[in-house]
Amino acid sequence: MAKEYLRTKIGLEIHVQLKTKSKMFCSCDNVSEERKPNTVVCPVCLALPGALPVANKQAVLWTIKTGLALGCKINKICKFDRKHYFYPDLPKGYQISQYDEPFASGGGLKFKVGEIEKTVRLNRIHLEEDAGKLVHGNGKSFVDLNRAGTPLMEIVTEPDIDSAEQAGIFLRKLQKIVRDVAAVSEASMEKGHLRCDANISVSDDKGVMSEIVELKNINSFRFVEKALEIEEARLKDEYPKWIVGRKVTRGYDSKKNTTYPQRVKEEAADYRYFPEPDLPPFDTSEFDLEAMRAELGQNEEEKTEKLLALGVSVNDAKILANDESKEKFFSQITKIFKENEFVARAIVQNYFGFLIEAGDIEKIKEYVETLKQLKSGKISKALFGEISSLIHSQNYTFAKALEEKGGGTIDDESALDAIVEKIILDNPNEVAGFKAGKTQLIGFFVGQAMKATGGKADPKIVNKLIQQKLS
Ligand code: ZN
Ligand code: MN
């Protein structure tokens, strides 16, 4: 069934929920999913007669910022339009969206597929409002308008994607850009903050194209990939018995891992777009685009490169570049304590013993003090963990935490000598092994000394004493 002369074309439309404080055209909280139905609503998002929308400036700026992150052209004049359709969760009878003058056009996203670099061009990014939700149960249907008016950014690609695999790579990279580089959305697919519609068609070598299949609202990257794989195989299988020119919508059943027909579109829907009369157009030259560009975070590859240049190991650099809080923590610490490789290791291996989060930045000086003690061997890893946990959870200073944990390191050689003597007497087998050349047993002896002192022995001195006594 290998029909190599058939080519697959995929285009994506991604809706991204912006994490603004309030909704798109009113001052209601933008927290719909956490509240009881129909409690986060007002005359504007309920579409009561006479209510007037006011555009959320943050949402506008963030859409432009995302456009900058994706190399788009920011259009000088932009406006909102009414897109008309009827649905019970859309009380106005239209959605405020953007038709011919979106905030951003063009641009693209580069990514690697194996060793090959691929670019997917973007068509546009526009801003719109979400509809409410229908909730079905007990043979009844209910309307919840909490979500109505949530700011949605719609990112539309050109049909440049050649396979399900590429679609998966593209989506994961796009998620990181909106979440970490532009930092405008939580972009969680499970929570529906990032929703993907995919269009797929297959053409033969003479340019004859199959029907276009639209897969709607698939809620995980894996399912998008699977649904596209299934459709690609189905269209290739049906060749040459295609119904050319038809557009169909199909759904994906993740339990059965199959797709099923939903509806056939006879003709393009006529939404009767017209300019939203209650919202004046924007002149984006009034915004400071350069300042917005400067605010953009780096993407993962740029971050990894930078970390490598700082002397961080390849593995640690990749992990830090992929985790925003850890990376921030690293850069804050290394501003003061420039042992980059050591600090990266401590964060990646999590010697700290607590979940590293952005809020810890206030306590950086105390952590730096603790790290310095660890680096110079004055405290053990175990004690480091205990002290940093106290700093984290009890707001202790390093000095106070050290005092509470028993006043710090035992670096008195005569005190440690007695402990080491006892360990040697108690462990004749390990002593024999060490003398016979198993030098890695040094770790065992140091560990015993730590155990005996509650982690307070100076590991350097213990090490020296054992070497002296056993060689
Ligand atoms: Zn409202
Ligand atoms: Mn849309």
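Scroll up to find the structure.
The structure presented is a predicted model; accordingly, all values stated were derived computationally and were not measured.

**Student:** Whenever I open this one, the overall build of the protein confuses me. Can you help?
**Tutor:** When its secondary structure is counted, the protein shows 15 helices and 17 strands. Relative to its length of 471 residues, the protein is extended, with a C-alpha radius of gyration of 30 Å against a globular reference of 23 Å. Long-range pairs, those at least 24 residues apart, make up 67% of the contacts in the protein between residues at least 6 apart in sequence. Summed over all atoms, the accessible surface of the protein reaches about 24000 Å², with 51% contributed by carbon and sulfur. Between the averaged position of the 70 positive side-chain charges in the protein and that of its 71 negative side-chain charges there is a distance of 2 Å.

**Student:** Just to check I follow, could you spell out the side chain of Ser220 for this structure?
**Tutor:** Tracing the backbone shows Ser220 in the loop between β13 (212-218) and α3 (221-238). Polar contacts involving the side chain of Ser220 include one to the main-chain amide nitrogen of Phe223, which spans 3.0 Å.

**Student:** What am I meant to see in the coordination of the manganese ion (ligand 2) here?
**Tutor:** Around the manganese ion (ligand 2), the protein contributes the donor atoms His15 (NE2), Glu128 (OE) and Glu154 (OE), which lie 2.0 to 2.2 Å from the metal centre. Taken in chain order, the donor set of the manganese ion (ligand 2) reads H-x112-E-x25-E. Separated by 26 residues along the polypeptide, Glu128 in strand β8 (residues 116-129) and Glu154 in strand β11 (residues 151-157) bring together distant segments of the chain. When its relative accessible area of 3% is taken as the criterion, Glu128 is described as buried. Judged by its relative accessible area of 9%, Glu154 is buried.

**Student:** Would you take a moment to explain the pairing of strand β4 (residues 81-84) for this structure?
**Tutor:** Looking down a regular strand, the side chains alternate between one sheet face and the other. In terms of strand pairing, β4 meets strand β5 (residues 94-97) through four bridges, oriented antiparallel. From the neighbouring strand, His84 faces β5, where its bridge partner is Tyr94. Relative to strand β16 (residues 274-275), β4 runs antiparallel, the two sharing two bridges. What sits directly across from Asp81, in β16, is Pro275.

**Student:** Help me out: how do you make sense of the environment of Leu355 in this one?
**Tutor:** Along the chain, the position of Leu355 falls in the loop between α8 (340-348) and α9 (364-375). Assessed through its relative accessible area of 67%, Leu355 is described here as exposed. It is 9.4 Å that separates the C-alpha atoms of Leu355 and Lys326, two residues lying 29 residues apart in sequence.

**Student:** Before we go on, may I ask you to explain the packing of helix α7 (residues 324-336) against α8 in this structure?
**Tutor:** Two elements in contact, α7 and α8, have axes separated by 10 Å at closest approach and are oriented at 145°. Here α7 runs over α8; the crossing is right-handed. Residues Lys326, Phe329, Phe330, Ile333 and Thr334 of α7 pack against Asn340, Val343, Ala344 and Ile347 of α8. Class assignment of the residues belonging to the contact of α7 with α8 gives a composition of six nonpolar, two polar and one charged.

**Student:** Would you explain the coordination of the zinc ion (ligand 1) in this entry?
**Tutor:** Ideal values for angles at a metal depend on the geometry: 109.5 degrees with four tetrahedral donors, 90 or 180 degrees with six octahedral donors. Bound to the zinc ion (ligand 1) are the protein donor atoms Cys26 (SG), Cys28 (SG), Cys42 (SG) and Cys45 (SG), situated 2.3 to 2.4 Å from the metal. The motif formed by the donor residues of the zinc ion (ligand 1), counted along the single chain, is C-x1-C-x13-C-x2-C. Here Cys26 is found in the loop between β1 (7-17) and α1 (57-69), whereas its partner Cys42 is found in the loop between β1 and α1, with 16 residues between them in sequence.

**Student:** Is there a simple way to explain the sheet that holds β16 in this structure?
**Tutor:** What links the strands of a sheet is backbone hydrogen bonding, and the strands pair in either a parallel or an antiparallel sense. In space, the three strands of this open sheet follow the order β5-β4-β16, with antiparallel pairing throughout. Edge positions in the open sheet fall to β5 and β16, since each of these has one partner strand only.

**Student:** What should I look at first to understand the nonpolar core in this one?
**Tutor:** In globular proteins that are soluble, nonpolar side chains generally tend to be buried together. In this structure, Leu12, Ile14, Leu70, Phe80, Ile155, Phe170 and Leu228 are the most contacted members of the largest nonpolar core, which totals 66 residues. The residues contacting Leu228, other than those within four sequence positions of it, are Ile10, Ala164, Ala167, Ala198, Ile200 and Leu215. Among the nonpolar cores identified, the runner-up in size contains 34 residues, and Val312, Ala321, Val343 and Val368 belong to it.

**Student:** Would you mind going over the pairing of strand β9 (residues 133-137) with me for this structure?
**Tutor:** Where β9 meets strand β10 (residues 140-144), five bridges bridge the pair, whose relative direction is antiparallel. In the sheet register, Gly137 faces β10, and the bridge partner there is Lys140.

Quick notes on the rules
Residues numbered from 1 in each chain as written. Chains lettered and ligands numbered in written order. Predicted model: local features only at pLDDT ≥ 70, side-chain atom pairs only at ≥ 80, totals over all residues. Heavy atoms only, no water. Helix = DSSP H or I, 4+ residues; strand = E, 2+ residues; numbered from the N terminus. Rg over C-alpha atoms; globule rule 2.2 N^0.38 Å. Contact = heavy atoms within 4.5 Å. Areas by Shrake-Rupley, 256 points an atom, 1.4 Å probe, with all protein chains shown as cover. Lys, Arg positive; Asp, Glu negative; His and termini not counted. Charge placed at Lys NZ, Arg CZ, Asp CG, Glu CD. Polar contact = N/O pair within 3.5 Å; in protein donor to acceptor, adjacent residues only side chain to side chain. Donors = N, O, S within 2.8 Å, 3.2 Å for Na, K, Ca; no water. Buried < 20%, exposed > 50% of the residue type's maximum accessible area, 1.4 Å probe, protein only. Pairing = 2+ DSSP bridges. Axes fitted to C-alpha atoms, helices over the stretch in contact; angles between N-to-C directions. Left-handed = near helix turned anticlockwise from the far one by under 90°. Nonpolar A, V, L, I, M, F, W, Y, C, P; charged D, E, K, R; others polar. Core = buried A, V, L, I, M, F, W, Y, C linked by side-chain atoms within 4.5 Å.

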